[in-house]
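# Observations on the model geometry
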Amino acid sequence: MGSRAKQGRRLQKMMKCMCLREPLKKGGEDETVPSSDSLAITEFYSSTASGRSGLDGEIEKMGSGSGNMDEAELSLRESGIMDIMDNEEARALLGKDEYQEGNIEAALRIYERINISAVTSKMKISLAKSREHHKKHSHYYAMPPMSIYTVGLLLEAIFLKAKCLQVLGRFKESAQTCKVILDIVESSLPEGLPQNFGHEGKLQETLGNVVELLPELWKLADSPRDVILSYRRALLHQWNLDAKTIAKIQKEFVVFLLYSGGEAIPSNLRSHMDSSFVPRNNLEEAILLLMILLRKISLNKIEWDPSILDHLSFALSVSGDLTTLAHQWEELLPGTINRRERYHALSLCYYGAGNDLVALNLLRKLLSSREGPKHVPSLLMASKICSENPDLAKDGASLARKVLENLDGRCDRLESLSSCLLGVSLSAHSKIDISNSERVEKQSEALHSLETASKVTKMSNPLVIYYLSLECAEQRKLDAALHYAKCFLNLEVGSNIKGWLLLARILSAQKQFLDAESIVNEALNQTGIWDQGELLRTKAKLQIAQGQLKSAIETYTQLLAILLVQRKTFGSKKKLYKDYIDHARSMEVEIWHDLAFVYISLSRWHDAEVCLSKSKAIKLYSASRCHAIGTMHEAKGLYKEALKAFRDALNIDPGHVPSLISAAVVLRWCSNRSNPAIRSFLMDALRHDRFNASAWYNLGIFHKDEGTILEAAECFETANSLEESAPVEPFR
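Rules used throughout
Residues numbered from 1 in each chain as written. Predicted model: local features only at pLDDT ≥ 70, side-chain atom pairs only at ≥ 80, totals over all residues. Heavy atoms only, no water. Helix = DSSP H or I, 4+ residues; strand = E, 2+ residues; numbered from the N terminus. Buried < 20%, exposed > 50% of the residue type's maximum accessible area, 1.4 Å probe, protein only. Contact = heavy atoms within 4.5 Å. Salt bridge = Lys/Arg side-chain N within 4 Å of Asp/Glu carboxyl O. Polar contact = N/O pair within 3.5 Å; in protein donor to acceptor, adjacent residues only side chain to side chain. Phe/Tyr/Trp six-rings, centres within 6.5 Å; stacked < 30°, edge-to-face > 60°. Lys NZ or Arg CZ within 6 Å of the ring centre and 35° of its normal.

What follows is about the overall build of the protein chain. Helix and strand counts for the protein chain come out as 36 helices and zero strands. Classification of the 732 residues of the protein chain by burial places 48% in the buried group. The long-range share in the protein chain, meaning contacts at least 24 apart out of those at least 6 apart in sequence, stands at 60%.

We now examine the pattern of salt bridges. Tallied over the entire structure, the rule returns 26 salt bridges. As a salt-bridge pair, Arg233 and Glu186 come within 2.7 Å of each other at their nearest N and O atoms. You can see Arg233 sitting in helix α12 (residues 224-236) and its partner Glu186 sitting in helix α10 (residues 171-188), a full 47 residues away along the chain. With respect to burial, Arg233 and Glu186 carry one shared label: buried. Across the salt bridge formed by Lys431 and Glu474, the nearest N and O atoms sit 3.1 Å from each other.

Examined against the element boundaries, Arg232 turns out to sit in helix α12. With a relative accessible area of 5%, Arg232 lands in the buried category. Of the polar contacts made by the side chain of Arg232, one reaches the side chain of Glu285; its length is 2.7 Å.

This part covers unusual backbone geometry. In this model, Met459 sits at a positive phi of 60 degrees, which is unusual for a non-glycine residue. The topology assignment puts Met459 in the loop between α22 (436-456) and α23 (462-474). Positive phi, close to 60 degrees, is recorded for Ser603, a residue that is not glycine. Examined against the element boundaries, Ser603 turns out to sit in the loop between α29 (578-601) and α30 (605-618).

Below, the discussion takes up the packing of aromatic side chains. Within the structure shown, the criterion is met by six aromatic pairs. Here Tyr466 and Phe488 contribute two aromatic rings whose centre-to-centre distance is 5.3 Å and whose plane-to-plane angle is 50 degrees, an arrangement assigned as tilted. Highlighted residues: Tyr466 in helix α23 and Phe488 in helix α24 (residues 478-491), separated in sequence by 22 residues. Here Tyr466 and Phe488 have matching classes, each one buried. Judged by centre distance (5.6 Å) and plane angle (50 degrees), the ring pair of Tyr697 and Phe716 falls under tilted. Of this pair, Tyr697 sits in helix α35 (residues 693-706) while Phe716 is found in helix α36 (residues 709-724), placing the two residues 19 residues apart along the sequence. Clustering of aromatic rings is evident, with ring pairs tying together Tyr466, Tyr467 and Phe488. Directly above the ring of Tyr466 sits Lys498, whose terminal nitrogen or CZ lies 4.4 Å from the centroid.

In structure tokens form, the structure reads like this:
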């Protein structure tokens, strides 16, 4: 009874405070009891700096002091406050006090007693009418059933209920509760919230919290589809969020789209215009959002965030559109990022997009500037680009040496990589038109650099081991090459097709064709169907080397069927898979040519012509196809037609080695065997491929016809040595 009396005195005090604050109507009208909206809720929102009103505080004392919500509510009802305030509003206040005190379960019990469905229609009408009031700016309109304050109070109660459910681990219920708030507001205000809507209360704050929380709740509930839909809803409806909050939501949405691994949900958004871009998948939607964020940064609407560019770099790299990424880097305002970082990133983009010379020029500009002459990443990248081009390989070696000088043994990993690039550059440089003594010197230095690189990392770097095996193979040190190829496969756990191919080709150079074919079959068993192209082609070449022409035809047919399915599968996604499709089409052309050569060797002219016509339908101009046509004419004894076809091939590609050799052979039959053009063709072929046994053999025949027996003997000896160690396909 003492507690009852104490509560009664508090209620009387609260009633007195409320009566003292009752406004009088103007014009001598009678005093009326104020509505809950005009007094109680106003008092709730007109709280002190600590956020507590007198009424709020008293209710808190009753609720938490007694620990019995039913008793507190009964006290409110007996005191008459329930007559002034709506039951749901009072429960909202009681629930908030319990929530703020950390009594989550008690707060939830109170919130669950609020009959939201009973007041939903009133809230919707009140929200809709409040917008009309904002539009008309008039005092003469029908009074809504609730004030905006009451609506805000009830929506906040629903939000706090959701927070209680979240704390208790009931994530799906929490998300569904939050969604109720957005459903009410969105259905009442389909065109979005007016400016400054609900700022005098807590409605705007509550809505902002709900919009941010809902996607996180769906993540916790493991419902990726609802996560995406809630993010889209947050960004497409006008919630009056500030620019910083919108950018935060956009960035979080991007992270989910890129890294969640969820299935793409095609957007069907009413806000899209007929001519607007509609993302087809998660990746495109993420890229669109990231570009919007970068645009906001350039307009100074939000602060610079480097992670935005990191995410965009990842997204565009995955999509294969590195040129667009380069444009985004170029459009960044001066001073946004470091100049050295910009140039290095741009060079990476252009290199990835296949514009090697553009990338190299950017790197050279950076390395010649004041801030970047010793920038190790740029030096390494420039060296790598140069190492892939024999004409620039000398510069690549020089750049790799600069890296070694700058490192001075401080980083084993980078030292190994720079030594590897030095070896690769020297190897490429040895293939250009230089003297034999210089070529031997470069090859020796290249092998030494690669061996040094492997020792620095104790044979743990797969890239170094691969290039070391490749260099040994090209220098015909096949036993060492085989050892390193096996080490590479072990390091890569058999996951790299390049390793299987190199191992099979080294075995073929040792004339172990059965073992090589077994290696290819093992690789095929561990490889997805889309990645079997090079393996099947090597298998066919191995079958040809063993005289199994029928089996080779079957293997080529199998490969062509795979390429056909690939073309149909990826045909509608040309932009996303452009590089992949280009490679597949180029391979298909070469397969038709390989198959044509098999039919020519069998004198099946019609089948060979069909293969060549298939090739022409894909690629109109091809040196390889002209060479096949010339070979077919040569096999028929039509030497003039054959010579014309070989010249056509050389017009397309002056460095096409098979056509250079074939032109020399046919010219020998058609003209004087001492024709200087024969020697010119063969020397040109050897300039492009020093390890071509056929070129050395035919040069020996030329010297024999000339009467220079010693030179002829040297050529035949070289040809024989190369033929004994020739792989079915080039090592590189």
